[in-house]
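As a plain string of letters, each chain reads:
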Amino acid sequence: MGCVRIIPCLDVNNGRVVKGVAFEDLKEKGDPLLFARKYEEQGADELVFLDVGATVESRKMTLNLLEEVSSEIFIPLTAGGGISSDEDMRSVLRAGADKVSLCSAALKDPELVRRGARAFGSQCIVISIDARRVGEKWHACTHGGKKDTGIDAIDWGKRCRELGAGEILLNSIDRDGTQIGYDLELTRAMSQAVDIPVIASGGAGTVEQMLDGVIQGQADAVLLASLLHDGKLTIKEVKDYFKEKGVDVRC
Amino acid sequence: MVGIIDYGAGNLYSVRKALHYLGMTSTLISRSEDFEKVRALILPGVGAFGEAAHRLEIAGLKKPLQKWLSEGRPFLGICLGMQLLGDSSEETITGQGLSLVRGQCRKVCGKRRIHMGWNRVDYGDDPLFQNIPAQKTFFYFVHGYALPADTEGVMAVSKYGDSFAAAMRIGKVCGVQFHPEKSGKNGLTFLENWKRLWDV
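A quick note: this is a predicted structure, and the numbers were derived from the prediction, not measured.

Brief notes about the nonpolar core
Residues Leu47(A), Ile127(A) and Phe242(A) are the most contacted members of the largest nonpolar core, which totals 81 residues. At 5 residues, the largest contribution of residues to this core is made by helix 6 (residues 153-163) of chain A. Ignoring sequence-local partners within four residues, the contact set of Leu47(A) consists of Ile7(A), Pro8(A), Ala36(A), Tyr39(A), Val69(A), Ile73(A), Ile75(A), Pro76(A), Leu77(A) and Thr78(A). By size, the runner-up hydrophobic cluster in this structure holds 37 residues, among which are Ile4(B), Ala40(B), Ile78(B) and Ala167(B).

Let's talk about the sheet that holds strand 6 (residues 104-107) of chain B
All names here are of chain B. What the 3 strands build is an open sheet, ordered 5-6-10; its pairing is mixed. Every interior strand has two partners, whereas the edge strands, strand 5 (88-89) and strand 10 (145-146), have only one. As defined by bridge partners, strand 6 adjoins strand 10 across 2 bridges and the pair is classed as antiparallel. Bridge pairing in strand 10 links Arg 106 to Ala 146.

With respect to unusual backbone geometry
Outside of glycine, negative phi angles account for most residues, and trans bonds account for most peptide bonds. Residue and element names in this part refer to chain B. Located in the positive-phi region is Cys 79, a residue other than glycine, with phi close to 60°. Its identity is not glycine, yet Ser 99 carries a phi of approximately 50°, on the positive side. Mapped onto the elements of the fold, Ser 99 is located in the loop between strand 5 and strand 6.

A few points about the pattern of salt bridges
A complete count under the given rule lists 36 salt bridges over all chains for this structure. We note a salt bridge from Glu51(B) to Arg55(B), for which the minimum N-O separation is 2.8 Å. Here Arg55(B) and Glu51(B) lie together in helix 2 (residues 49-58), a separation of 4 residues that amounts to about one turn. The class of Arg55(B) is partly exposed, set by a relative accessible area of 28%. Several salt bridges share partner residues, and in doing so they unite Arg5(A), Glu46(A), Lys99(A) and Glu167(A) into one network.

Considerations on the pairing of strand 5 (residues 77-80) of chain A
Residue and element names in this part refer to chain A. By the alternation rule, side chains of strand 5 split into Leu 77 and Ala 79 and Thr 78 and Gly 80, which are all buried. Pairing geometry for strand 4 (residues 47-51) and strand 5, over 4 bridges, is parallel. By the bridge assignment for strand 5, Leu 47 is matched with Leu 77. A crossover links strand 4 with its parallel partner strand 5, the connecting element being helix 2 (residues 56-70), and its sense is right-handed. Here 3 bridges tie strand 5 to strand 6 (residues 99-102), and the two strands are oriented parallel to one another.

Points about the packing of helix 6 of chain A against helix 7 (residues 184-193) of chain A
Think of two packed helices as two axes; the pair is described by the angle between the axes and how far apart they sit. Residues and elements named next belong to chain A. In the contact formed by helix 6 and helix 7, the axes pass within 9 Å of each other and the chain directions differ by 30°. By the angle class used here, helix 6 and helix 7 are roughly parallel. Helix-helix and strand crossings are classified by hand; for helix 6 and helix 7 the assignment is right-handed. Listed contacts from helix 7 to Ala 153, Ile 154, Gly 157 and Lys 158 of helix 6 are Leu 186, Ala 189, Met 190 and Ala 193. When the residues that make up the contact of helix 6 with helix 7 are grouped by side-chain class, the tally is 6 nonpolar, 1 polar and 1 charged.

Notes on the sheet that holds strand 13 (residues 173-176) of chain B
Either a parallel or an antiparallel arrangement is found when strands of a sheet pair, and the pairing is made through backbone hydrogen bonds. All names here are of chain B. Pairing within the open sheet is mixed, and its 8 strands lie in the order 2-1-3-4-13-12-11-8. What marks the edges here is a single partner per strand, and that holds for strand 2 (26-29) and strand 8 (122-123). Note that strand 4 (residues 75-78) and strand 13 share 4 bridges and pair parallel. In the strand pairing of strand 13, Ile 78 is matched with Val 176.

Thoughts on helix 3 (residues 62-70) of chain B
All names here are of chain B. Looking at helix 3, one finds that the buried residues are Lys 62, Leu 65, Trp 68 and Leu 69. One face of helix 3 carries all of its buried residues, which in axial projection span an arc of 120°. Of the residues in helix 3, the exposed ones pointing more than 90 degrees away from the buried face are Lys 63 and Ser 70. Buried residues belonging to helix 3 abut strand 1 (2-5), strand 3 (40-43), helix 2, strand 4 and strand 13.

Considering the interface of chain B and chain A
On the chain A side, the residues contacting the 30 residues of chain B number 42 residues. Roughly 2900 Å² of surface becomes buried between chain B and chain A when both sides are summed, with 54% attributable to carbon and sulfur atoms. Summed over the shared surface of chain B and chain A, the number is 7 salt bridges. Asp220(A) is the salt-bridge partner of Arg112(B), the closest N and O atoms lying 2.8 Å from each other. Along the contact surface separating chain B from chain A lie 20 residue pairs in polar contact (both at pLDDT 80 or more). At the level of elements, helix 1 (13-21), strand 7 (115-120), strand 9 (138-143), strand 11 (154-160) and helix 5 (184-197) of chain B are the ones that each hand at least two residues to the side of chain B that touches chain A. Here the residues of the side of chain B that touches chain A are counted per class, giving 11 nonpolar, 9 polar and 10 charged.

Topic: the pairing of strand 9 (residues 147-152) of chain A
In terms of strand pairing, strand 8 (residues 137-142) of chain A meets strand 9 of chain A through 4 bridges, oriented antiparallel. Each residue of the ladder has a partner; that of Thr142(A), found in strand 9 of chain A, is Lys147(A).

Scoring rules and cut-offs
Residues numbered from 1 in each chain as written. Chains lettered and ligands numbered in written order. Predicted model: local features only at pLDDT ≥ 70, side-chain atom pairs only at ≥ 80, totals over all residues. Heavy atoms only, no water. Core = buried A, V, L, I, M, F, W, Y, C linked by side-chain atoms within 4.5 Å. Buried < 20%, exposed > 50% of the residue type's maximum accessible area, 1.4 Å probe, protein only. Helix = DSSP H or I, 4+ residues; strand = E, 2+ residues; numbered from the N terminus. Contact = heavy atoms within 4.5 Å. Pairing = 2+ DSSP bridges. Salt bridge = Lys/Arg side-chain N within 4 Å of Asp/Glu carboxyl O. Right-handed = clockwise from strand over helix to strand, strands pointing away. Axes fitted to C-alpha atoms, helices over the stretch in contact; angles between N-to-C directions. Parallel < 35°, antiparallel > 145°, perpendicular 65-115°, else oblique. Left-handed = near helix turned anticlockwise from the far one by under 90°. Nonpolar A, V, L, I, M, F, W, Y, C, P; charged D, E, K, R; others polar. Arc of directions from axis to C-beta. Buried area = accessible area lost by both parts, 1.4 Å probe. Polar contact = N/O pair within 3.5 Å; in protein donor to acceptor, adjacent residues only side chain to side chain.

Such coordinate-based values are descriptive only and should not be taken to indicate function.
What follows is the structure, given as structure tokens:
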């Protein structure tokens with residue numbers, strides 16, 4: 001039936017891997033190319049690069065990085081962070097990305113999703129939704145989680161699917177970097193609301209929690225960062241555990 | 001020299017990079033006059049069957065491609081590029097494929113609307129799959145439709161809901177539903193085999 005994907009996420013700023021807690025307090029973790037090689041070797045199913053730096057210089061360095069990684073690593077690469085126009089999408093694809101991840105810009109201009117899907121195919125358009133819990137629901141946020149748009153995150157996911165998005169990368173802002181587990185209700189709600197793959201992100205601290213994301217949250221893939229970067233876990237360990245529990249993974 | 005057909009359907013960079021990595025030179029081809037400059041053709045493609053078929057037609061590439069295929073010259077169709085070797089697709093009522101083989105592409109029905117991700121490929125002993133470890137036959141797929149598993153020339157199948165054609169070969173004309181350029185080591189081995197077998 002297809003394998004559950006394990007996807008390392010590299011947040012990059014000025015060409016270096018960084019990671020913070022709840023999108024704040026970025027700490028440097030190292031050279032993205034070395035991380036990419038290591039994860040590919042460990043069996044990563046895809047790689048995501050998010051440019052978290054807001055400067056033109058940081059964007060340029062991300063494009064160079066994509067060039068480098070894509071010339072030697074042949075698994076799907078997704079690029080995101082600050083992509084806000086058709087031209088931005090084209091430039092990351094030309095640099096070697098296979099998919100682009102849109103967040104704030106899609107909320108501001110939903111037609112960008114439609115145009116992207118038309119020009120490059122649905123499989124190319126990943127919608128990154130930063131969701132913050134508000135009472136019983138979740139709101140889609142922008143600007144690294146700082147601005148609440150007031151838009152219901154699940155409705156937004158459905159809308160993006162209608163506009164032609166191929167995948168949803170669902171980040172729980174409340175759980176990001178906490179390692180206390182995914183927001184399973186959020187993951188399941190999104191997974192049931194759309195018929196495109198949902199990637200769970202934000203909060204996984206153990207392999208058991210990742211499995212929960214797949215079984216209870218019904219996610220098609222899990223996104224991992226801190227745990228892998230800090231060497232607390234390897235992709236192989238995650239996959240071995242999944243296999244043991246009867247979840248199909250690529251080996 | 002490998003000619004990658006550029007007809008406005010999808011991302012050609014990944015394919016080029018993989019060929020380059022394996023020491024193959026490639027050029028993008030958008031006119032049939034350029035067919036004679038290359039030894040092998042790759043037809044990539046994402047998006048809808050009908051639209052892609054239409055684009056090939058208006059670019060004047062359909063007839064020259066059919067001639068290339070009928071002469072049995074080295075060819076590799078990737079994803080939609082494999083589906084186009086059939087007659088038509090359930091995806092669109094209009095749009096005629098290259099009709100190298102009889103068959104209509106059918107919807108693949110699994111957990112999601114499209115089949116996206118890694119999956120097992122079951123193959124016989126075709127030389128294109130040489131040196132790929134039998135227990136680790138995973139390839140990367142992104143598609144909503146595929147040729148039926150019993151289509152002529154099919155030598156590898158995969159399963160998402162039902163079985164579908166994952167790879168086919170008639171002489172030197174090949175098609176793969178997966179993306180070898182994005183399938184890690186297995187994909188590179190596959191492309192390396194393709195390169196070696198027909199000296200492209």
